[in-house]
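# Reading the structure
What follows is the residue order along each chain.
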Amino acid sequence: MSIVHSIKKVIFAGNKIQMQDITRNNFDFIRVLLAFIVFLGHLGTLSASPDLRIFEHSPIEIAVFGFFAVSGFLIARSYERSSSLKSYLKKRIRRIVPAYLLVIFLCAILLSLVSTYSFTEYFSNTQVYKYLFWNSLFLNFKAPWLPGVFGNQAVNGALWTLKIEMCYYFAVPLLFLLFGKNNKYRNVSLVILYFLSLIYLNYFESLNKISLAKQLPGTLSYFIPGMLIYFNFDKFIQHKNIIFIIAFVTVWIDLFLKVQLFSPMMIGVIVMYVAYSFKFLNNFGKYGDFTYGIYIFHFPIIRTFQTLGLFEDYNPFVMALVCMLVVIAVGISSWHLYEKRFL
């Protein structure tokens, strides 16, 4: 009996260590970093300031694809740990939908202040209600603009990724149903899906149809690596250093060949390597998860600064800093005053 008891203690200890390994990570730091990469890129593009144009080189696409890789890992984990499909969907929807609807309705109301239309003209314009309707359904491409706002350009171009994220939420249960619980079959199925996704992605990119290439079939190639690493977490942690070196070297092959073959998988590997290295970053999110608020609000805030002429009339670098502080403040407020109430 004592031997059996000892064996149980060893097994329990091993499981506990594994649990600590998977929960002690830098995802909070990574998401904030990726959000600010996106912010800087949009700042350079939307500010219309020659001085801030340097920020246009911020790798927005890589940051967005990094978000997708993180989602692959965390959503797979969330589904596997949920007691039921209903519980899983409830948690996922509560995380994304309330704040998404908040930014949609706040933009529709508050941006009337910077519209070239009068209040009466603005709120009697059917485009306002088309914007609210289609954006509430995550179909922001159907009505991206508001009357007289930002020259009738897109109010919040960052929201296109949210419909992709929602699709991931529903895709994961289907993928689990497809490949079952057998890890070997699961890995093979995901690798096949990865390459099918790449075929779709590269085909539409070769036709220069970038918007189609970035839809769900294509972006799955960035989501699936996160899932694969989650399902093979122990092996990944055991060999993460050599896997990271391979990823860093291999990604240059895609750049040389000008084709996306290895880079989606390698971006996932690099992101997950950072997530489980540098332990001093483990507590980065102890004051809250501000990333989502920063991400969904930054685009209209930058555009409002530009519309008001703040980047043009004042020192653009000072205004860029002020804009960043406003975005951070809104992100923090969104989390503490609104988002976490739903979780």
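Each chain has its residues counted from 1, running along the sequence as written. Given that this is a predicted model, residues contribute local features only at a pLDDT of at least 70 and side-chain atom pairs are listed and counted only at 80 or more, while totals for whole chains, interfaces and linings are drawn from all residues. Note that water and hydrogens are dropped before the side-chain values are worked out from all heavy atoms of the structure.

The name an unreviewed UniProt entry gives the protein is Acyltransferase, with Chryseobacterium cucumeris as the organism.

In this section: unusual backbone geometry. Phi at Phe138 takes a positive value of approximately 70°, unusual for a residue other than glycine. Here Phe138 shows up in the loop between helix 6 (126-136) and helix 7 (160-179). Helix and strand definitions follow DSSP, with helices as H or I runs of at least four residues and strands as E runs of at least two, each counted in order from the N terminus.

Across the interface, helix 3 (residues 60-81) lies against helix 10 (residues 216-231) with an axial gap of 7 Å and an inter-helix angle of 45°. Here helix 3 lies oblique to helix 10, going by the angle between them. Judged by the sense of rotation from one axis to the other, the crossing of helix 3 with helix 10 is right-handed. Here helix 3 contributes Phe65, Phe68, Ala69, Ser71, Gly72, Phe73, Ile75, Ala76, Arg77 and Glu80 to the contact with helix 10, which in turn contributes Thr219, Tyr222, Phe223, Gly226, Met227, Ile229, Tyr230 and Phe231. Side-chain classes follow a simple rule in which Ala, Val, Leu, Ile, Met, Phe, Trp, Tyr, Cys and Pro form the nonpolar group, Asp, Glu, Lys and Arg form the charged group, and the remainder, Gly included, forms the polar group. Residue classes in the contact of helix 3 with helix 10 are distributed as 12 nonpolar, 4 polar and 2 charged. Axes, fitted as lines to C-alpha atoms, cover a helix only where it is in contact. Angles between the N-to-C directions of the axes lie from 0 to 180 degrees. Should an angle fall under 35 degrees it is taken as roughly parallel, and over 145 as roughly antiparallel, whereas 65 to 115 is taken as roughly perpendicular and any remaining angle as oblique. Each crossing is labelled by how the near helix is turned from the far one, with a counterclockwise turn of less than a right angle marking it left-handed and a clockwise turn marking it right-handed. In this description, contact between two residues means that some pair of their heavy atoms is separated by no more than 4.5 Å.

On to the nonpolar core. Counting residues in each nonpolar core, the largest one holds 97 residues, and the members touching the most others are Phe73, Leu162, Met227 and Ile296. Of the residues forming this core, the biggest block, 11 residues, is contributed by helix 2 (residues 27-46). Excluding residues that lie within four positions of it along the chain, Ile296 makes contacts with Ala99, Tyr100, Val103, Asn156, Leu159 and Leu162. Definition used in this section: a nonpolar core is a set of buried Ala, Val, Leu, Ile, Met, Phe, Trp, Tyr and Cys residues joined via side-chain atoms within 4.5 Å. Three labels apply to residues, based on accessible area from a 1.4 Å probe with only protein chains included: buried if under 20% of the type maximum, exposed if over 50%, partly exposed otherwise in between.

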